[in-house]
Structure formats: C-alpha cells, structure tokens
Amino acid sequence: GAGVSQSPSNKVTEKGKDVELRCDPISGHTALYWYRQRLGQGLEFLIYFQGNSAPDKSGLPSDRFSAERTGESVSTLTIQRTQQEDSAVYLCASSSSGGSGNTIYFGEGSWLTVV
Amino acid sequence: AQRVTQPEKLLSVFKGAPVELKCNYSYSGSPELFWYVQYSRQRLQLLLRHISRESIKGFTADLNKGETSFHLKKPFAQEEDSAMYYCALSRYGNKLVFGAGTILRVKS
C-alpha cells in the first residue's frame, strides 16, 4: 500500500474488555514498531519486530499487552482487561530494514479510549 | 539509559522571527539524532537526521556532543511551520526514543 495502515482509527471500549489493534506496514518493510502516546506526553516505545528475529518487547508496560507479527506483514497489538490508563494513541511504524539509517514511516494511529 | 529531553511544551513566535527548538539527550555511545514533525491532521514524519547534515524546509540541526544537544533552528519562521516537533534518538537496531515534543505556533 501507499503507507502504513492502522485499524481501527478510533476505538471506545469498556474497562476490562480486550482490544485488538491492527497494523499493515508498507510492503517489503521488514521492521515494524509499536509506540504509544498518552495525552500530553511523548512517544513511548512498546515493541519492535525485525524480520525473523525475536521481537524486542522491552517497552511493553505489563503482561496485559502483547503483539504478534505474521512474517513480514500484518501485526496485531492486543491489550487484555483494558484499564483507563491504557487510553492513548497507538502508533505503528515500519522501515525497510533494522539499520539505523532507514527512514521510519508512521501510520495515523489508533485512538483508544477506555471508559 | 537513553533519554531525550525537550524542555519546552509550547514555543510561540511571530512570523519572520528566528526559531530554536531545544533537544538534549543522554546516551553513552554514539547516537543518531532525528527530528520528526506532525502537522495538523497529518501523520508523524521525518524532518531531518543529523547524519545527513541537510536543511529541510529551512530547518537545520547540529549535533553538539559536548553539550549533548541537537537543537532545531530556522532563521525565519513561517506560518506553515506550525506543528508538533519531536526529537528522537536511536542506536543501531533502530529503536527510536522520543522526547515529549514541542508545539511550535507561528503567529502572523
């Protein structure tokens, strides 16, 4: 596709419910990232996938958060038993390789509101 | 640990005035520094990176290792520069660490 695509663009869920957020990276991009942005705060790294390597999960805030990626394509971020503090914009990004010289392209984000 | 600090949440300047968005970092190795920008209703995008030593839309940024800074500068601000600006740091492996961001408002 033309860019990184995320769905849903907006999600309102009740506290305690599970949510799934989807990311379609740019075709051919081997690296994929998830970030979170809470209102008024900076971007918080969550998880990083690079090819077939084990993902870097060091940013996941709790075991309620998990992410998967199928090959070098779609990724799903799952939040179980959502809490109000999970309300944020969840941004996905991709790049053509894991090398630091490659530009990272962001999606428009999934706005999650937990009520 | 890697950390990026942007001390100003909001910077408001008049059109034609010089702009400096501050960024300080902490990192023990040789970092790569970036500036990302998000215009209203658009997605976050790369503005410039220090290794390219380029000027984009009139903006430049110089890496000062002694002061651990990577301030973004433009001599004459334009209204279309109004946006959210993020400074980011990376080491090999591409995990970007972002600052909290600075909103730039250019007034006419």
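Position numbers for residues count from 1 along each chain, tracking the sequence in the order it is written. By the order in which they are written, chains take letters starting at A while ligands take numbers starting at 1. Two thresholds apply to this predicted model, a pLDDT of at least 70 for residue-level local features and 80 or more for giving and counting side-chain atom pairs, whereas whole-chain, interface and lining totals are computed over all residues. Excluding hydrogens and water, the side-chain figures rest on all heavy atoms present in the structure.

1. What about the overall build of chain B?
Test applied: Numbered from the N terminus, helices here are DSSP runs of H or I no shorter than four residues, and strands are runs of E no shorter than two. Note on exposure labels: buried denotes an accessible area under 20% of the residue type's maximum, exposed denotes more than 50%, and partly exposed covers the range between, all computed with a 1.4 Å probe on protein chains only. All accessible-area figures derive from a Shrake-Rupley calculation using a 1.4 Å probe, and residue coverage is judged against the displayed protein chains alone. In this count, Lys and Arg are taken as positive residues and Asp and Glu as negative ones, while His and the chain termini are left out. A single reference atom marks each charge: NZ on Lys, CZ on Arg, CG on Asp, CD on Glu.
Looking only at helices and strands, chain B has 0 helices and 11 strands in total. Its helices and strands taken in sequence order, chain B reads β-β-β-β-β-β-β-β-β-β-β from the N to the C terminus. Viewed in the frame of its principal axes, chain B has a C-alpha envelope of about 40 × 30 × 25 Å. The buried share among the 108 residues of chain B stands at 44%. Per element, the accessible surface of chain B, about 5600 Å² overall, is 49% carbon and sulfur. Positive and negative side-chain charges in chain B, numbering 16 and 9 respectively, have mean positions lying 7 Å apart.

2. Observations regarding the pattern of salt bridges
As a reminder of what qualifies: Throughout this description, the term salt bridge denotes a Lys or Arg side-chain nitrogen within 4 Å of a carboxyl oxygen of Asp or Glu.
All told, the structure shown has 8 salt bridges over all chains when counted by the stated rule. A salt bridge links R36 of chain A to E44 of chain A; its shortest N-O distance comes to 3.0 Å. Classification of R36 of chain A by relative accessible area gives buried; the value is 2%. Exposure remark for E44 of chain A: the relative accessible area of 28% places this residue in the partly exposed category. The partner of R64 of chain A in a salt bridge is D86 of chain A, and the shortest N-O contact between them spans 2.8 Å. Here the residue R64 of chain A occupies a position in the loop between β5 (43-50) and β6 (65-69), and D86 of chain A occupies one in the loop between β7 (75-79) and β8 (88-95), the gap between them amounting to 22 residues. On the basis of relative accessibility, which here comes to 11%, the residue R64 of chain A falls in the buried class. Among the charged side chains, a network of salt bridges with common partners joins E20, K22 and K73 of chain B.

3. Digging into the state of the cysteines
Residue and element names in this part refer to chain B. Going by this rule: Disulfide assignment relies on a single distance test, namely cysteine sulfur atoms paired within 2.5 Å.
Summed over the entire model, instances satisfying the criterion amount to 2 disulfides over all chains. The disulfide partner of C23 is C87, and the gap between their sulfur atoms is 2.0 Å. An S-S torsion of about -65° defines the bridge between C23 and C87 as left-handed. One end of the pair, C23, is in the loop between β3 (19-21) and β4 (24-26); the other, C87, is in strand β9 (residues 83-90), with 64 residues separating them in the sequence. Neither residue differs from the other here; C23 and C87 are each classed as buried.

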